[in-house]
Every structure is written in C-alpha cells, then in structure tokens.
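Structural overview
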Amino acid sequence: MMRFKTPAKAAGMLLLLLCGVVAAFAQQADSVTSKDLREVSVTAPRTAREVSPGQKMQAKELERLGSHSVADAIRFFAGLQVKDYGGIGGLKTVDIRSMGTNQVGVFYDGIQLGNAQNGQVDLGRFSLDNMEEIALYNGQKSNIFQPAKDFGSAGAIYLTSLKPKFAPGEKTHLRGTIKTGSFGLFNPSLLWQQKISSKVSASFSTEWINATGRYKFSYQKRDENGHLVYDTSAYRKNGDINAVRVEGGFNGLLNGGEWSTKVYYYQSERGLPGFIVNGVFGHVDRQWDQNIFVQSSFRKDITKRYSILLNGKYAYDYTRFLAPDTARLYIDNHYRQYEMYFSMAHQYALTNWWTIAASGDFQWNRLDADLTNFSYPTRYTTLTAAATNISFNRFSAQASLLGTFVNETVKKNASAPYQQKFTPAVFVSWQPTHSPDFRLRGFYKQIFRMPTFNDLYYTEIGNRFLKPEFATQYDVGFTWNKTFANSWLTQAGIETNAYYNEVNDKIVAVPGASMLSWQMENLGFVKIKGVDVKAKALWLIKKQVQFSTRLTYTYQRAQDFTDPSDSFYGDQIVYIPRHSGSLILGADYKQWEANYSFIYTGERYNSKENKLKNYVEPWYTSDLSLGKQFSYKHTRFHVTAQVNNLANQFYEVVISYPMPGRNYRFILTVNI
Amino acid sequence: MMKQLRNAVWVAALAALAITGCRKGERIVPPEVTPVDTATPGSLLNGFYLLNEGNMGSNKASLDYYDYTTGVYKSNIYATANPTAVKELGDVGNDIEAYGTKLYAVINISNKVEVMDAASTKRIKQIDILNCRYITFANGKAYVSSYAGPVVVEPNAPIGFVAEIDTATLEITRKVIVGYQPEEMAVVGNKLYVANSGGYRAPDYDRTVSVIDLNTFKEIKKIDVAINLDRLKADNDGDIYVTSRGDYYNTPSRLFVIDTKTDAVKKQFDIPVSNLCISGDTAYVYGSVFSYNTGQWTITYNMVNVKTETVLNTNFITDGTDKSIRMPYGVAVNPATKEILVTDAKDYVSSGTLYCFDKTGKKKWSVTTGEIPAHIAFVFATK
C-alpha cells in the first residue's frame, strides 16, 4: 500500500491521477466513431427537459450494491456526507454540500417527507427493497412543472418506489426476499404487483426488520512513538430494532396523464445505543416510532399546451422517547406530528421552445408533545412558485421564483413572527460545440430553511426569536459523455462541478441556561467552496463480461466565518472532510454478478476548532458482494453474499458513536 | 488504444489505493504548553489545576495546570500523564479539589471520582459513584454529592445522596440520603450543608439545604431556601452563601445567606448569581442569566462584603476586559496573592479562555484552555 506523508498530498495525487483518467478517455474519443450520440448524464440517462441531470442510481445498480438502506447507498454520490450514528437502527442523515442536514429535502414518490419537528429525515429507515431509483439534485430538480415545495430546498433527494411494469401476458409479480447476517439481522420482505386492467395496477410491499444490532467495536490509542498504550474492545449494546413497513397503492394511466395513490405505514421499536465515553459503554434509552401517510397524485394534459398536476398528502408521525435510567434524568416523552398538504401545479407551453409554469402549495403542520410548558405550535405554510423554461437545441435555461409565507400559532407561550420570503433560482445548460457529448451547466439559487418546531419551541431549548437560515448557491460544471461501438469501452462519461455556497444565519445549538438545556441561535456564517467529480464507464470484455466502473471525488472547503474573534474563524466546519470519494466496480458474467465498492472519507474535525485534539482520522471501507441468478421451472432465484468493511476498520463518523467492523449479509430473492 | 484503456483502469485502481494510506492510528494528544507569566518561585502555592468540563458525550473532559514556579500553562495534561487510562479522563468534568497530596476530579457522566497524585497528575485510584456532582473535604474525609440515590417518593426521580470517602484508604465509608439532585456542599463545624436543586423534577424544584451531622452522618434538618439551589460556600464567620438558579422564566436567580448557628436563612440578596468565590471578606460574584421570555443573556459582575453582608455593586474586573468575556463559567481567587481567575466558556464547543486579573481587577494574562473551562483547584507548596 502506498503511503503519503500527508493526506493532502495523497489527495493531490488522486486529482492528478483522475486527470490522467480523463486524458485517457479524451484520447480515446478522438479515435473512435461514435454512433449513438444521445446525451446521457454520468449516472443515468437524461429525462426530458432536465437542465441539470442530477445523480441517480437505479434498481439494478442498487441491487448489486446490496446496501441495507437508502443512507448506505447514497454514500456513493458525490458532494454529500452521511452523518451516521452506526448500526442498523442508528440515525443516518445526509448533508449536501456542507449546507447542513436541515437544508435537504427528501421526497418519496414525488411528495416531500416532512418533519416539522426537527427537519431531518432518517434515511436509514428507507429500505432499498422496493426502490426503483434514488436521485440527488443540487439546488432543485430542474423541472418547472412540479409542486412549489420542490423549489424549496437547497438540495433534494428523490426516492421512487418500484412502479409495476408488466410484460404482455403478465398479470402478477410476486417477489419474496430474505436478508440475514451480522447484527442478528432477520429481514424478510414481500412485493406483490397486480395488473387490474390495461390502465390500472396495484402494488403492495411489506417488510419486517428485526436485529439485535450487536457488533464489536474497538478503541485504540498510541503514544507519540506509535506504541500501543491501550486497546479495548466491547460489544455495542441496546442497538436492537424491530420494525415493520407496509405500503400499497394504485397506479393508473389516463389519456395524456397518470394518477397514483398510496398508503405508507412504518412502525418501529429500537434501542438507542448512545455515546461511548470513559466509564459508559452502554445505554438503556429506547424509541418507538409510527409513521403513516396517505398521498395521491394526478397529472393530466388538459390541452396540447396546458397540463395540470395535483398532489395531496396527509401524514401522522408519532415518536416516544424513553430514558428509563433513574440514575439520570428520567424522560418519557411522546411527540405527535400532523401534516396536511395540497398542491396544484400548472404548465403552459407558449411555443415549442418556451414553457411557463405556476404552482401553489398549502401545508398545515402541528406538533403535540407532553413536555412541561410546551407551546403546541401549528404552522401554516403557503408556497407559490412561478417558473419558466426555454429549450433550444444547444441551449436551455430555467428560472423560478418561490414565495414562502409562514404563519404560526401556539396554544401556550408566544409564537414566532410571520415570515414572508421570495427566493429565486436560475439553471442554464449550454452545448458549446456541435457535439452533444459535451455540455456546460450552471445554476444560481437562493433558498432558506425555516427554523424547525424544535428550534423554535422545544421547552427550554427553543428560541422563538430565530430567523430563517439562508443558503445561496453558485454552481458551474460540465458533463462529457460518449458511447462507443466496437470497443471494450462501451460508454464513458465525466461530470465535474465547482461550486460556491454561503450559509447565513445558520441555526446552531449553544448550551443555554444550564448544561442540560441547549439554546438555538442564528449564529453562523459559512462559506463553502467545493468540487464534485463523477466519472463512469461501462465496459464489455470478450463480449461476455459486462464491467462497470463508477468513481466520485468530492473536495469541500467549508469554513466558518462567523466572527473574526472566534478561535475557529476560517476553520473547516465540523465533520466535513476536505477530501472524500467512492469507487464502485461491478461485473456481470452470465448469471453471476460481483461488486466491489470503496468509500473514503478524509480527515476532519469533530469540533469547531481545527486543532489536534479535535482531529478525526480518515476512514475507508471496502465492501464485496457476489451474486448468482438461477431459475427452477418458472421461479427465478437470486442469491447474494456480502462482506462489508472487509478490512475490519474501526472508525467513527460521529464522535463517541463507533461504527461496525467487518460484517456479513446474505440475501435470497425469489421471483414468481 | 486498448493499452491506454488498461492503463486508465490501473490508474484508477492506483488512485483508490493512494488515498488509503492515511490512517496512522489514533495518538495521544500532547499538552499545549504556553508561557504566560513570569515565574514566581517560593510562593505559598505551587500552581493550580483547571478542569474543563467538555461537552456531554464527547469524552473531552480535560485537565490543565498552571505552574506558578515557572509561569508556564499546560493544557490537556491528563492523557500524557496517564497514557494507559482507557478513554482518558472521561466525560463532563464537574468538580475538582486538591486535598493533602492528592487531587480529586469528579467526572459526572463517567460516574467516577478520579484520584490523582497532585504533584505528578498520575492516577492513584478511580472511585465509582453514579452521577456524581461535587466534592468537599473535612477532617480527612471527602464528601461527594450524587444525583443517583434510590427512587423513593418520586417514581421517576431518584433522591440524592452524599458519600463519605476516607482520603487515606480511598474507600467509601458511609452514605446519607439528602434532597433531590444535590449540588455543592460545605462543612462548617461538624455539619455538612448540601444544596438540593431538584433539577430533574422541574418545575417542581427542590428548595432546601440539607444539614448533615458528620458524627452520625444523618440529615438533621432541611432548611427551606428557594427553588433550584446550586452553589454553596462557607465564609469565615460561620455563614453559608447559597444560590438559587430560579426557573429561567419568572423566578430570577438569587443569593441567600444561612446562619449556621440557627440553621435558618438570615438574608437574601436580590442579585443574580451563577457562581461565586469567597476569599477573605469578599465574595466575587457573577451572574449570567438567560430569560426565555426575552431570549436575551444578561451578564453581571459584582462583589459582596460577607463581613458586613452588603452588596458592593462594583465589578471586580476594572479594566473593561469583562466585555470580551462571552460566557463566564468559573471564578477562583488565589488565597495568597488575591489574583482573580475567571474562565470564559465562550460557545461551549470550542476552547475557552482563562483570564488572570491582579487584585485590583486589571488583566495580567490570559490563556487558551480546554472546552468549557470551569473548576479550579489550587495546589499548595509542601513545606
């Protein structure tokens, strides 16, 4: 293994090497006649009218990756960091381009998953079992015909569940999967898709996750000479989970449109393994969750030029948190969140190159909690968006303006003041030469996130004087894609973006009146410079082995410029590595498939100051999986065996939350 | 052409390998050494320890030491002095005192009292006490308050206790049940006074000071004072000064005086007090008060003459340095020189600052500490 004196040097080397890869691709392009000139993004084929393609992973790729949850899979995207508290039931949230987890919008089948209480969506809870696609968009999905909410976050993740697709003669799809392995995991799931008529289909998906969550972790320390001074190992306790997910719905086709409706139910009980510090190697806290939502969507082209899109949702989320240790503060809190959402979007094609759109959303949120002196807040959010799109052969652009109007009422204490904001976004895409292989792209967007109910009203923590947290983004980049015939290399592409973001009035927690209660404040100004690189190539070797390579590299310089008198002024913000990246190598040969994936997260700091005492070492894991498909009569089987964290590296993503070492998983899928 | 392609794959693979070479194994973080003042050898004091609390769950409790004989400040010395201590000093340092030749650090979340040699900082023993808070000494015994007594009347809040430790054997000898969530303590005569906060029962705070007879080690009286009691210090005239934190809403923080002859409250000062240090006839006081009603912090500095029991209404910092102190978190006075030490915890998540003022309140020096500098223990020179 090569060793570099500093990680920076290593990363510099990587960049150099990457350039080498690009150069090699470029040389390649000159000497090959390419037949198929369709534009593809690095990660997926372009869908209509997307000025910015986003990053995507489809079912096939997700299956081969064999990740447990959306959070595990999304780590292979560029420009984001997953905050992972470890284990099967551990909280996993995503931070896009260092702007903070609260600036990320997560959409499930087209409608945003809300969490007015703390603004975060635990991506560890979304299984890949029935996922058709995961897509990540910086700024927003560059589609003007969408609900106003889709314009409303600094970065967005779209999760799309499997839509039934029937081959002629097919009426029923049935798929059963069992996953087992380390952490005492037992995870059976069932997917049933039924064709009801030529235009209507139904689907039903359910899953049970049961795990002890037990895994070994280890802490080591060395003296200045590198001699081991202590090496202690223990098992992660109280990380058990028992969760059930049931979802079902109908999808229908209309003349010039489509509709869908679905019900989602998730229920879980889990242990919260908590932090590991001197003298504390286990916790007894527990959490119960219940999430229910019903959502419907309707889209139709009313005339040749005019289309309408309707969306509606009702959601109920229940959480019980129990800290039963009577030697400490006993807590038994129940939180109930209610959400109602309705959206109407219109699109009108003025000419064949010019489209305009307008959308209006209304959302109602309420939070009840049995906390002392709780405020019982209700939030009324009205969102309006106006957008336009122009699209020529070699140039396309979109502009949108989002209006946000937020009103809050409380039953107790005082409410936050009325907020009204207008925020713009502009996206452009330009093909500078006659070749569609190469395109330049860019966007500007200003957006904000409202303080959450916890930020504003949590008893003894909340601060109703908080202002919204603003994020401004500038992004430029290029994509280059090419397909080749008569070559081992069938397709290659690279996408690189450089960006500059600013986060103003960042909402941060500072300890308050006592050490037990923290206080939220608008206290932060962060400037972020970064580069995302995504490269992908598909290979066909000896006409039999399909080989795919996918590489991402992320550079982020996210600096705190809050106050020149701070000791951390200009320092890299907490948990953001300057360098991170991933590599996926996949191979398909006849019925066999193999996958190697590698993730690297560079050195970072677990506190605001970039001092040695806050230094966190890089971590990198290698995962291997091998799968085979075979048929018996009319039944298709798929078995996969996986080893994750092959090198058994002990690391932490979040301080005091040790991550699992080497672990195994076995998956059996049966398709009828 | 194919060769180039194969090269590209190799290059990519090498790139992947190249970045894997960066993990060296976690190292013990060496102390930060800063000369801050001229050496004053031969003084009554060798130096002082400063315990930084560190944030809960971060395992960043740390120990600093200032050496009067060299004028050098060393931050984060525990791990280097005790390299084999698994997970170092621990989580949330809540109190520190030197007694005899030993140093006692109360580490709250780590549920232990760490006993060290005061000269070398080397660990002597760890005494396990669940949810321990503060420590005080008298007659060869240490008294440690703890939140984690038995669950009796209140179904979900334990009643507190005080453990007595023999400083020779370092064994717990006796325990006594006190009020809810006991905080600071002081010994006057043969009686131990314990401030009970009831912080786990908010808004039904405890409002009493427990009086413990040290012979029988029984609670002989509960003195009703005010809600949410916290600091408790004895002066030289047999009076106890105890602070109430209030409820952060409508009941403000206050300072009370208990006469230990009658074991009753004899005076109330209507000034907010977060912390105080009594040295000679003067109590050095600051109040950092947050109000949920206004969302504002108010920080005040004051002095109280404990002889005449009057508020002096003067800041003990006289050169305007108080304006650069964001969050005063600890105060101590050098008994020999009357120099005043004030810690600034700032935003609680980055290194704090320790300020040293001369006895007239003018800044002598300041130095960077660990996270949440809070508790100071002077080490006397051994003759």
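Residues numbered from 1 in each chain as written. Chains lettered and ligands numbered in written order. Predicted model: local features only at pLDDT ≥ 70, side-chain atom pairs only at ≥ 80, totals over all residues. Heavy atoms only, no water.

**A few points about the overall build of chain A**
Scanning chain A for helices and strands turns up four helices and 37 strands. Considered along the principal axes of its C-alpha atoms, chain A spans approximately 70 × 60 × 55 Å. Out of the 672 residues in chain A, the part that is buried amounts to 57%. In chain A, once contacts between residues fewer than 6 apart in sequence are set aside, the share between residues at least 24 apart is 62%. Total accessible area on chain A is roughly 26,900 Å²; 58% of this is exposed by carbon and sulfur atoms. One finds the centroid of the 75 positive side-chain charges in chain A at a distance of 6 Å from the centroid of its 56 negative side-chain charges. (Helix = DSSP H or I, 4+ residues; strand = E, 2+ residues; numbered from the N terminus. Buried < 20%, exposed > 50% of the residue type's maximum accessible area, 1.4 Å probe, protein only. Contact = heavy atoms within 4.5 Å. Areas by Shrake-Rupley, 256 points an atom, 1.4 Å probe, with all protein chains shown as cover. Lys, Arg positive; Asp, Glu negative; His and termini not counted. Charge placed at Lys NZ, Arg CZ, Asp CG, Glu CD.)

**Topic: the packing of aromatic side chains**
Considering all chains together, one arrives at 46 aromatic pairs over all chains under this definition. Note on Tyr600(A) and Tyr620(A): the rings are 6.0 Å apart at their centroids and 20° apart in plane angle, and the pair reads as stacked. One end of the pair, Tyr600(A), is in strand β30 (residues 592-601); the other, Tyr620(A), is in strand β33 (residues 619-632), with 20 residues separating them in the sequence. Residue Tyr600(A) shares its accessibility class with Tyr620(A), and that shared class is buried. Through pairs of rings, three or more aromatic residues link up here, namely Phe48(B), Tyr66(B), Tyr68(B), Tyr73(B), Trp365(B) and Phe378(B). For Lys175(B), the ring lying beneath its charged end belongs to Phe161(B), and the centroid distance is 4.7 Å. A cation over a ring is seen here: Arg201(B) above Tyr180(B), with NZ or CZ 4.1 Å from the ring centre. (Phe/Tyr/Trp six-rings, centres within 6.5 Å; stacked < 30°, edge-to-face > 60°. Lys NZ or Arg CZ within 6 Å of the ring centre and 35° of its normal.)

**Regarding the pairing of strand β8 (residues 172-181) of chain A**
A regular strand places its side chains on the two faces of the sheet in alternate fashion. Residues and elements named next belong to chain A. Of the pairings in the sheet, the one linking β8 to strand β9 (residues 185-195) comprises ten bridges and is antiparallel in character. The residue bridging Leu174 from the neighbouring strand is Trp192, located in β9. A loop of three residues connects β8 with β9, the two strands running antiparallel in sequence, and Phe183 in this loop sits at a positive phi of about 65°. Inspection of the sheet shows β8 paired to strand β37 (residues 663-671) by seven bridges, in the antiparallel sense. By the bridge assignment for β37, Thr177 is matched with Thr669. (Pairing = 2+ DSSP bridges.)

**Some details on the UniProt feature "domain: TonB-dependent receptor plug" (unreviewed entry) in chain A**
As annotated by UniProt and renumbered to match this structure, "domain: TonB-dependent receptor plug" (unreviewed entry) occupies residues 55-145 of chain A. Overall, residues 55-145 of chain A shows 13% helix and 32% strand. The separation of its end C-alpha atoms is 20 Å. (UniProt positions renumbered as here; feature names shortened; annotations may be inferred.)

**Focus: the domain arrangement of chain B**
Residues and elements named next belong to chain B. Its domain assignment divides chain B into domain 1 (10-20 + 30-82 + 271-383) and domain 2 (129-267). Computed from C-alpha atoms alone, the centre-to-centre distance between domain 1 and domain 2 is 25 Å. At the junction of the two partners, domain 1 supplies 17 residues and domain 2 supplies 19 residues. Between domain 1 and domain 2, roughly 1,700 Å² of surface is buried when both sides are summed, and carbon and sulfur atoms account for 52% of that area. At the boundary of domain 1 with domain 2, the tally comes to two salt bridges. Among the salt bridges present, the one from Glu309 reaches Lys266, with a minimum N-O distance of 3.0 Å. At the surface where domain 1 touches domain 2, the tally comes to five residue pairs in polar contact (both at pLDDT 80 or more). Counting residues per element, the ones that place at least two in the side of domain 1 that touches domain 2 are β21 (275-279) and β22 (282-291). Among the elements that line the side of domain 1 that touches domain 2, the one with the most residues is β21, at three residues. (Domains from an automatic or database assignment. Buried area = accessible area lost by both parts, 1.4 Å probe. Salt bridge = Lys/Arg side-chain N within 4 Å of Asp/Glu carboxyl O. Polar contact = N/O pair within 3.5 Å; in protein donor to acceptor, adjacent residues only side chain to side chain.)

**Notes on the sheet that holds strand β8 (residues 123-128) of chain B**
All names here are of chain B. Read from one edge to the other, the open sheet built from four strands follows the order β5-β6-β7-β8, with strand pairing classed as antiparallel. The sheet is open, and its two borders are formed by β5 (93-99) and β8, each paired with just one other strand. Looking at each pair of strands side by side, their axes are set apart by 15° on average, direction ignored. (Axes fitted to C-alpha atoms, helices over the stretch in contact; angles between N-to-C directions.)

**Here's the deal with the pattern of salt bridges**
Counted by the stated rule, this structure contains 52 salt bridges over all chains. Two residues, Glu469(A) and Arg449(A), come together in a salt bridge whose shortest N-O distance is 3.4 Å. Pair noted here: Glu469(A) is in strand β23 (residues 469-483) and Arg449(A) is in strand β22 (residues 438-449), with a separation of 20 residues, a long-range link. Residue Glu469(A) shares its accessibility class with Arg449(A), and that shared class is buried. Glu171(B) is the salt-bridge partner of Lys125(B), the closest N and O atoms lying 3.1 Å from each other. Placement of the pair is Lys125(B) in strand β8 and Glu171(B) in strand β12 (residues 171-177), with a sequence separation of 46 residues. On the basis of relative accessible area, Glu171(B) is assigned to the partly exposed category, the value being 44%. A single network of salt bridges, built from pairs that share partners, joins Asp109(A), Asp129(A), Arg175(A), Glu207(A), Arg245(A), Glu247(A) and Lys262(A).

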